[in-house]
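Breakdown of the fold
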Amino acid sequence: MTNTATLTRSTSAASITLAAANALIEAVHTAAQEIGFEACVAVTDAGGHLRAFQRPDATPFLAGEVAVDKAWTSASFGYATHTWNAYVGDPEIAPLAGHPRLMAVGGGYPIVEDGKLIGGLGISGGSAEQDRQAAEAALKALGFQLPAQGPAGTTGSGA
């Protein structure tokens, strides 16, 4: 029987602030402009719940949904979305590919501070490589860590 006097009932969960989420969005737009595209940007908290979002007027509505799903996917396990293709190739993991929100396309990154997952960043509007570049530039500009390694030994950003 559990001793209720010593039972820990909750944990302290780190989460990205609204100010930091909005600063990431601005940093993504700056990077995307330098790369040459307009970006939809979504930022979630560590639980995958939307924290901030922006879709420029000229971007397709589907790009907005893709950005949200990239942010959700990267927050779900703490891996960049471009690493998921290798991961879902494993027959034991492949059923995850059927999840309607899993987005195995570059441009989604976990937001990590001091080794703790605090959110997810999703970008859509350019090529997968452009989305990745803008994500990496924005995360670096704000001092967030880039993931060093993804699932099953795949490399993250290479940075």
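Our subject is the structure that appears above.
What comes next concerns the included structure. These figures come from a predicted structure and were not determined experimentally.

Definitions and cut-offs
- Residues numbered from 1 in each chain as written.
- Predicted model: local features only at pLDDT ≥ 70, side-chain atom pairs only at ≥ 80, totals over all residues.
- Heavy atoms only, no water.
- Helix = DSSP H or I, 4+ residues; strand = E, 2+ residues; numbered from the N terminus.
- Buried < 20%, exposed > 50% of the residue type's maximum accessible area, 1.4 Å probe, protein only.
- Contact = heavy atoms within 4.5 Å.
- Expected span 1.5 Å × (residues − 1).
- Core = buried A, V, L, I, M, F, W, Y, C linked by side-chain atoms within 4.5 Å.
- Phe/Tyr/Trp six-rings, centres within 6.5 Å; stacked < 30°, edge-to-face > 60°.
- Pairing = 2+ DSSP bridges.
- Axes fitted to C-alpha atoms, helices over the stretch in contact; angles between N-to-C directions.

In this section: the environment of I123. As for its placement among the helices and strands, I123 is situated in strand β4 (residues 116-124). The class for I123 is buried, based on a relative accessible area of 0%. In this structure the C-alpha to C-alpha distance between I123 and P95, which are 28 residues apart in sequence, comes to 25 Å. The residues contacting I123, other than those within four sequence positions of it, are V28, F37, A39, C40, A67, K70, G106, G107, D131, A134 and A135.

This part takes up helix α4 (residues 128-141). Compared with an ideal rise of 1.5 Å per residue, which puts 14 residues at 20 Å, α4 spans 20 Å between its outermost C-alpha atoms and is within 8% of the ideal. Buried within α4 are the following residues: D131, R132, A134, A135, E136, A138 and L139. Where α4 is buried, its residues contact α1 (18-35), α2 (61-77), β3 (108-113) and β4. Just past α4, the residue G143 takes up positive phi, approximately 80°.

Here we take up the environment of G47. In this fold, G47 is placed in the loop between β1 (40-45) and β2 (50-54). Sequence separation between G47 and T83 is 36 residues, and the spatial gap between their C-alpha atoms is 20 Å.

A few words on the nonpolar core. In terms of nonpolar packing, the biggest core is built from 26 residues, with I16, L24, V43, I111 and L121 touching the most fellow members. Elements supplying a minimum of two residues to this core: α1, β1, β3, β4 and α4. Among the elements that take part in this core, α1 stands out by supplying eight residues, more than any other.

Turning our eyes to something else, we now look at the packing of aromatic side chains. As enumerated under the stated definition, the model contains five aromatic pairs in all. Between the aromatic rings of W84 and Y87, the centroid separation amounts to 5.2 Å while the plane-to-plane angle is 75°, which identifies the pairing as edge-to-face. On the criterion of helical spacing, the pair formed by W84 and Y87 is a turn pair, its members being three residues apart in helix α3 (residues 84-87). The two residues W84 and Y87 agree in class, both being buried.

Strands sit in the order β2-β1-β4-β3 across an open sheet of four strands; the sheet is antiparallel. Strand pairing shows two members of the sheet lacking a second neighbour, β2 and β3, which therefore form its edges. Across this sheet, the average inter-strand angle for adjacent strands is 20°, counted without regard to direction. Bridging between β1 and β2 involves four bridges; their strand directions are antiparallel. Bridge assignment links T44 to a residue of β2, and that residue is L50.

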